[in-house]
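# Fold and contact review
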Amino acid sequence: MRPHPRLAAAALLPLLTGCTGPQSALDPQGPNAASLAWLIWTFTAVCGLVWLLVLLTVGIALWRRRASSGAADEPLRPESATERRKQGVVIGAVVATVLIIATLTLMSFVATRSLTASSGEPLTVRLRGYQWWWEVTYTADSPDRFVTAANEIRVPVGRPVRLELSSGDVIHSFWVPSLAGKQDMIPGRDNVLTFTAERPGSYRAQCAEFCGMQHARMALVVIAMAAPEFESWLDAQRQPAAEPADEEQEAGRQVATGKACAACHTIRGTRAAGTVGPDLTHVGSRQTIAAGTLPTTRGALGAWIADPQTVKPGNKMPMVPLSADELRAVSAYMAGLK
Amino acid sequence: MRAVAIAGLAALLAAGCQREERDLRLDPPVTAALDQVAPMANAVGGAPPDVLGALGEPYEGNAYNLSEGKRLYSWFNCKGCHADGGGASGPALLDGWWRYGSDPVSLFVTLRDGRQNGMPAYGDKLTTEQIWQLVGYLRTVGVSSASFAAPSRNDEMQSRPAENRAPASAELGTPPSR
Ligand SMILES: [Cu+2]
């Protein structure tokens, strides 16, 4: 087979699409991610250059060795002139290595230290990882004004966000590449990650530490919105669950509060007050359900509630036996919880 | 001859590929059948559902189900009344003494329907499968005989013999006073 260099280059091109999009460390949307991206590019350039130089030197050495091979080289009786030259090269290489590594280390240290610095009053959000979903708590001056939601973080543009990371079971890791670096979530320990979003938009985050069967389907969206919009959104989230709009939704509320759902889920304003599953008070207002597994539509809610173990095998929500009418009603009610 | 020996050894290695099956999803008719226990008139003892045998007794011998049972034990706050099994306002669950029996059917009925002196009914909070997972777990916490399956280990400090220690206790202690 003849080599096709153009074809090969064309086949590599699609890889470049991985450089942009809602989840890319190479497409930074905030100062923290930008300083990390700068670090990535500098390291790549410096290391690439060193690699080229080393290969070049090896090539030259091989070539010269071959050119000069003969009895003149007597390893046991080196000429002092060439010996001194070799010594100079080795010492020079060692000094260069030490200098380069020290500079890179210092750069990395300064960049990582700048990640925790924040200017201005930060918004503090608590993020707790569970197998396999995220609990999000927006703090306020008094605990009764805290708001708990799940699987989606909304933040105001331009204001630093202080994420307090913890875990309810095993080790997870929070990574939103477009906005910040990774930070682990460790049981029994609080870690802090600060970032600022500079532009409105949706950025995808993903659990970055293998945490069990559904680790792959443990995603999260970070939505940056203008500050006034964010405040009114937060006020809306603070409200108890919407009243059912019609009879079907009313029947759905009966199901959600009377069946096993209420033992695991909280719907504020009803008697459902379980705490082991995501808060469903405003589940209809979120973009996705089950940690980024499905879009929040009435149909997807129905599919999820009918058979969670087929949609996301192994997740901790069991299949609760429901009749067709109950299922229809409860998914209508959930979709209405805006 | 050598080829045969190598093939035989390779076949032996393949035995290491066998893993425990995790049944993540029961078909609804199976779940319904699992609820068909036939307890005696005093709600202690009785016949387990036939389907349990057909499934191969998955709630006592399967480590995944035991782990789920262990998780549910803290999720549904059994700890609040029974502590880590040593008992508090509710009776101890690992001393080998049972007020209502330790057979699967008695435990199932205890959890599903509750018991008169303060054990709440969990029939509307847990699914049938979850109740069986808890039953399996309860039957392994205080056992006096060895078992091949154990739930995942504790993340907190051990306040009692680990479930995978077998037997957990060699003999019955003194009966608890009521
Ligand atoms: Cu994970």
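Computed from a predicted structure; not experimentally measured.

## Considerations on the UniProt feature "domain: Cytochrome c" (unreviewed entry) in chain B
Under the feature "domain: Cytochrome c" (unreviewed entry), the UniProt entry names residues 64-142 of chain B. Secondary structure content for residues 64-142 of chain B is 51% helix and 0% strand, while the C-alpha to C-alpha distance between its ends is 18 Å.

## Some thoughts on unusual backbone geometry
Residue and element names in this part refer to chain A. Of note, the bond from Gln131 into Trp132 is cis; its omega dihedral lies within 30 degrees of zero at -5 degrees. Along the chain, Trp132 falls in the loop between β1 (123-130) and β2 (133-138). Even without a glycine there, the phi angle at Ala290 is positive, about 55 degrees. Positionally, Ala290 belongs in the loop between β11 (288-289) and β12 (294-295). Residue Ala290 is classed as buried on the basis of its relative accessible area of 12%. Not every positive phi belongs to a glycine, and Ala291 is a case in point at roughly 55 degrees. Inspection of the secondary structure assignment puts Ala291 in the loop between β11 and β12. You can call Ala291 buried: its relative accessible area is 1%.

## Re the domain arrangement of chain A
Residue and element names in this part refer to chain A. Parsing chain A into structural domains produces domain 1 (1-28 + 122-338) and domain 2 (31-65 + 78-113). Just the C-alpha atoms count here: the centres of domain 1 and domain 2 sit 44 Å apart. Interface area for domain 1 against domain 2, summed over the two sides, is near 670 Å², with a carbon-plus-sulfur share of 71%. Where domain 1 meets domain 2, there are 0 salt bridges. The residue makeup of the side of domain 1 that touches domain 2, split by class, is 7 nonpolar, 4 polar and 1 charged.

## Points about the pattern of salt bridges
Evaluation of the coordinates by the stated rule reveals 18 salt bridges over all chains. With a shortest N-O distance of 3.2 Å, Asp35(B) and Arg112(B) are connected by a salt bridge. Linking Asp35(B) in the loop between α2 (28-34) and β1 (38-39) with Arg112(B) in helix α6 (residues 104-113), this pair joins segments that are 77 residues apart in sequence. Close ionic contact of Arg71(B) with Glu68(B) constitutes a salt bridge, the shortest N to O distance being 2.3 Å. Of the two residues, Arg71(B) and Glu68(B) are both situated in helix α4 (residues 63-75); the distance of 3 residues between them amounts to about one turn of the helix. Across the pair, Glu68(B) and Arg71(B) agree in class, each one buried. Here the residues in one salt-bridge network are Arg126(A), Arg162(A) and Glu164(A), joined through shared partners.

## Focus on the interface of chain A and chain B
Contact with chain A, which involves 17 residues of that partner, is made by 15 residues of chain B. Counting the surface lost from both chain A and chain B, the interface buries some 1,300 Å², and carbon and sulfur atoms represent 65% of this. The largest share of the area that chain A buries against chain B comes from Val276(A), Lys316(A) and Met319(A), three residues that together contribute 38% of it. One can count 2 salt bridges joining chain A with chain B. As a salt-bridge pair, Asp307(A) and Arg25(B) come within 2.7 Å of each other at their nearest N and O atoms. Between chain A and chain B we count 4 residue pairs in polar contact (both at pLDDT 80 or more) in total. Contributions of two or more residues to the side of chain A that touches chain B are made by α6 (261-264) and α8 (308-311) of chain A. Residue composition of the side of chain A that touches chain B, grouped by class: 9 nonpolar, 4 polar and 4 charged.

How each quantity is defined
- Residues numbered from 1 in each chain as written.
- Chains lettered and ligands numbered in written order.
- Predicted model: local features only at pLDDT ≥ 70, side-chain atom pairs only at ≥ 80, totals over all residues.
- Heavy atoms only, no water.
- UniProt positions renumbered as here; feature names shortened; annotations may be inferred.
- Helix = DSSP H or I, 4+ residues; strand = E, 2+ residues; numbered from the N terminus.
- Buried < 20%, exposed > 50% of the residue type's maximum accessible area, 1.4 Å probe, protein only.
- Domains from an automatic or database assignment.
- Buried area = accessible area lost by both parts, 1.4 Å probe.
- Salt bridge = Lys/Arg side-chain N within 4 Å of Asp/Glu carboxyl O.
- Nonpolar A, V, L, I, M, F, W, Y, C, P; charged D, E, K, R; others polar.
- Contact = heavy atoms within 4.5 Å.
- Polar contact = N/O pair within 3.5 Å; in protein donor to acceptor, adjacent residues only side chain to side chain.

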